[in-house]
Amino acid sequence: MHRSLNRTARRLEPLAAVPRSRHPLPDSSDRTQLSWSSPPAATPPRRQQPLDAPNSSVLPRSTPRHYDDYLNLLRSFVSRKALEPGKQLHARLLLSGLGYNTILATKLVDLYCLCDHVTLAHKLFDRIPKSNLFLWNVLIRAYAWNGPHEVAISLYYQMLDCGLAPDNFTFPFVLKACSALSALEAGRGIHELVVSTGWETDVFVGAALIDMYAKCGCVDRARELFDRIPNRDVVLWNSMIAAYARNGHPSEALLLCRDMVARGFTPTLATLVTVISASADAAALPRGREIHGLSWRRGFDSQDKVKTALVDMYAKSGWVKVARVLFEQLAEKRIVSWNSMICGYGMHGHAAEALALFDRMREEDQVLPDHITFVGLLSACNHGGLVDEGRSFFDSMLSDYRIPPAVQHYTCMIDLLGHSGRLAEAYKLIQDMTMAADSGVWGALLNACKIHRNVELGELALQKLIELEPDDAGNYVLLSNIYAQAGKWQEAAEVRKLMTDRGLKKSIACSWIEVKNQVHAFLVGDLSHPSSGEIYAELERLEGLMAEAGYEPDTMPVFHDVGDDEKRNMVRSHSERLAIAFGLISTPPGTTLLVTKNLRVCEDCHTAIKFISAIVGREIIIRDVNRYHHFKDGECSCRDYW
């Protein structure tokens, strides 16, 4: 195994996206694998021309002294990515009989791969001896980075058949290909060889294994590997933090970052961007602000990548104004930055701001939108009830920008049409889709049927959803609620019985709020919190003030065939109300409250929170499964359209 390869060069090849540096070919082998041919007949000397000139004739002839010149030229071409001079030298080598010399040809393969001429590199690879491990690594790396990734894995197995043992360069490349394909079984087989060859504790091989398992959804296996590597560097920490973040474990990503800093490691740009994004996904604003402060102290405050991640975090956490300030500070506003701000406005129902920003993006900055831009625009139109504008954006995707609508765009459009009561039009759009409708599309239609109490179309939507997601209890609950709204209690009971027969249980409503860096979660009618007595006392106090202000409970959201008094008791102890009451008794007056809920806020709670915001004089932000609601002075940002 080539353990003598330069280990510092290895640090230029982490699996996280970095410039693709080339491994230096060991000089000790340059003179040991030569295959000399007779030099060509002498020719009259010619005037020297620049190396990059067409038909350059400066190339030295094939003598032992000139062999070193060839090698040095190739090294120079590789470092400069000089493709055309490299091709000229390749032609000269073929004429001189050195075209298939292992060392020189390996350098050419490296050059062609570096310049994205992998097909040409592979043709040359097929014509030369293959006893050089570096040669295999170069070509495997090219396919691992650029695809087809299957070829990288195939080359790895061919290399084993040739009797070569992979090293700590080979493994990260082929594991990267496995990651791209989510090829878990192939990755496990490679892992077995990693263990048997003693490379598992190498930080770069370990990082590649962590990345592979994470992208295949095996985050626990990735953590086991991480814990077994004694000498970790920042690349390895970043790999594990990213593994948590991309697999829906943002809290674990944040905790691991805190552990990394506590152990004396300095966060890199990649670390900060990953954990800031994790803070956004976790709606963990206090920890996100902590990371913001860390990035400022570490000198990353001027980095646009960090600022863009912060824009996304603050937008998703309800602080849209702060997000906009950071957005305006960006030195270069790339499409990802515009998308973060437009989508942020869309999430919060600020449709006018989203549309105005889109106009500025096109007209002033002349940035072309992409498919994510239109998801944000359609979401903004959906949350703002702008049906005509949404239809116009949907139609312009293909006609003006040649962006074919994807299933996400159809989902937004069907949700928009359904919310506005155009159920027939929404159903026709589904029938006209250029791809198969997924569960998101039919779920949007089913939700619209609930809003507008359309039993017949709701039954059709549920049937499609059962075919796609037979084990999702939420779909059955929606149809049961539609029946209950229509007074069809027998049909509602039959749907719930069907759920029971299939062993399905509805999702339990849960709301949580973070106070003093601690998350407090509440269920419906929860009595388990240590402050339950104070929480319910605060709710009772608020209910008296709300009644004086004209609030009357709406028991329609309680889809159970019980009396009105029992329905009122069910509504008053919904999880979001408990979280709000706890926030009120646990924070100073005037503090903004941010509550997250895993389901949609019910109609009565929406009305009640408007009253509460006016009574206590606070802004209350609710992030439910669909969108943000900003309650202030008795009004909601959604204008009762959600």
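Analysis parameters
Residues numbered from 1 in each chain as written. Predicted model: local features only at pLDDT ≥ 70, side-chain atom pairs only at ≥ 80, totals over all residues. Heavy atoms only, no water. Helix = DSSP H or I, 4+ residues; strand = E, 2+ residues; numbered from the N terminus. Buried < 20%, exposed > 50% of the residue type's maximum accessible area, 1.4 Å probe, protein only. Contact = heavy atoms within 4.5 Å. Areas by Shrake-Rupley, 256 points an atom, 1.4 Å probe, with all protein chains shown as cover. Salt bridge = Lys/Arg side-chain N within 4 Å of Asp/Glu carboxyl O. 1 Å grid on protein atoms, 1.4 Å probe; cavity = no way out; pocket = protein on both sides within 12 Å on 5 of 7 lines; lining within 4 Å. Points joined across faces, edges and corners; volume = space filled by probe spheres on them. Phe/Tyr/Trp six-rings, centres within 6.5 Å; stacked < 30°, edge-to-face > 60°. Lys NZ or Arg CZ within 6 Å of the ring centre and 35° of its normal. UniProt positions renumbered as here; feature names shortened; annotations may be inferred. Axes fitted to C-alpha atoms, helices over the stretch in contact; angles between N-to-C directions. Parallel < 35°, antiparallel > 145°, perpendicular 65-115°, else oblique. Nonpolar A, V, L, I, M, F, W, Y, C, P; charged D, E, K, R; others polar. Pairing = 2+ DSSP bridges.

The chain goes by 3-ketoacyl-CoA synthase in an unreviewed UniProt entry, where it is assigned to Musa troglodytarum.

Undergrad: Residue-level account of the overall build of the chain, with values.
TA: Helix and strand counts for the chain come out as 31 helices and six strands. Among the 642 residues that make up the chain, the fraction classed as buried is 52%. Of the contacts made within the chain by residues no fewer than 6 positions apart, 64% connect residues no fewer than 24 positions apart. Of the accessible surface of the chain, which amounts to about 29,200 Å², a share of 51% is contributed by carbon and sulfur atoms.

Undergrad: Break down the pattern of salt bridges for me, citing the residues and quoting the values.
TA: Evaluated as defined, the whole model comprises 27 salt bridges. R391 serves as the salt-bridge partner of D395, at 3.7 Å between the closest nitrogen and oxygen. A residue pair is termed a helical-turn pair when its members lie 3 or 4 positions apart in one helix, as D395 and R391 do in helix α21 (residues 387–401) at four residues. With relative accessibility at 42%, the residue D395 sits in the partly exposed group. It is possible to trace a salt-bridge network through shared partners that takes in D388, R391, D395, R422 and E425.

Undergrad: Please provide a residue-by-residue account of empty space enclosed by the protein, values included.
TA: Applying the stated rule across the entire model yields one cavity of 30 Å³ or more. Approximately 40 Å³ is the volume attributed to the largest cavity. In terms of lining, the largest cavity is formed by L539, L542, E543, M546, R577, A608 and I612. Contributions of two or more residues to the lining of the largest cavity are made by α28 (532–548) and α31 (603–616). With four residues, the single largest contributor to the lining of the largest cavity is α28.

Undergrad: Describe the packing of aromatic side chains, and please don't skip the residues or the numbers.
TA: Counted according to the given criterion, the structure contains 13 aromatic pairs. When the centroid spacing of 5.3 Å and the interplanar angle of 65° are considered together, the rings of Y156 and Y157 count as edge-to-face. The exposure class of Y156 is buried, given its relative accessible area of 1%. Their ring planes at 45° and their centres at 5.6 Å tell us that W237 and F265 sit as a pair that is tilted. On the criterion of sequence distance, the pair formed by W237 in helix α12 (residues 234–246) and F265 in the loop between α13 (250–262) and α14 (269–282) is long-range, its members being 28 residues apart. Accessibility expressed as a relative area gives 23% for F265, which makes it partly exposed. Members of the aromatic cluster, each reached through a chain of ring pairs, are F358, F374, F393 and Y401. In this structure, K130 is placed above the aromatic ring of F125, and the distance from its NZ or CZ to the ring centre is 5.0 Å. The ring of F327 has K333 sitting right over it, with the charged end atom 5.5 Å from the ring centre.

Undergrad: So, the UniProt feature "repeat: PPR" (unreviewed entry) in the chain: which residues are in play, and what are the values?
TA: UniProt feature "repeat: PPR" (unreviewed entry): in the numbering of this structure it lies at residues 132–166, 233–267, 334–368 and 472–506. Between the end C-alpha atoms of residues 233–267 there is a gap of 11 Å, over a span that is 74% helix and 0% strand. Spanning residues 472–506, this segment combines 74% helix with 0% strand, and its end C-alpha atoms are found 8 Å apart.

Undergrad: Please give an account of the side chain of T308 that cites residues and values.
TA: Counting through the fold element by element, T308 comes out in helix α16 (residues 304–316). Using a relative accessible area of 7% as the deciding quantity, one classes T308 as buried. Ignoring any residue separated from it by four or fewer positions in sequence, one finds T308 in contact with L330, V336, S337 and S340.

Undergrad: Tell me what's going on with the packing of helix α20 (residues 371–384) against helix α22 (residues 407–419), and back it up with residues and numbers.
TA: At a closest axis distance of 9 Å, the pairing of α20 and α22 adopts a crossing angle of 10°. In terms of orientation, α20 and α22 fall into the roughly parallel class. Residues H371, F374, V375, L378, S379, C381 and N382 of α20 form the contact with α22, whose participating residues are Q408, H409, C412, M413, D415, L416 and H419. Of the residues assigned to the contact of α20 with α22, the class counts are seven nonpolar, six polar and one charged.

Undergrad: Report on the sheet that holds strand β1 (residues 510–515), specifying residues and quantitative values.
TA: Taken in spatial order, the six strands line up as β2-β1-β3-β4-β5-β6 in an open sheet, and their pairing is mixed. Of all the strands in the sheet, just β2 (518–523) and β6 (635–636) have a single pairing partner and so form its edges. Bridging between strand β4 (residues 620–623) and strand β5 (residues 628–632) involves four bridges; their strand directions are antiparallel. Across the sheet, I622 pairs through a bridge with H629, a residue of β5. Along the sheet, helix α30 (residues 575–586) makes contact with β1, β2, β3 (593–597) and β4, crossing β1 at roughly 15°. Most of the contacts of α31 go to β5, to which it runs at about 40°, and overall it touches β4, β5 and β6.

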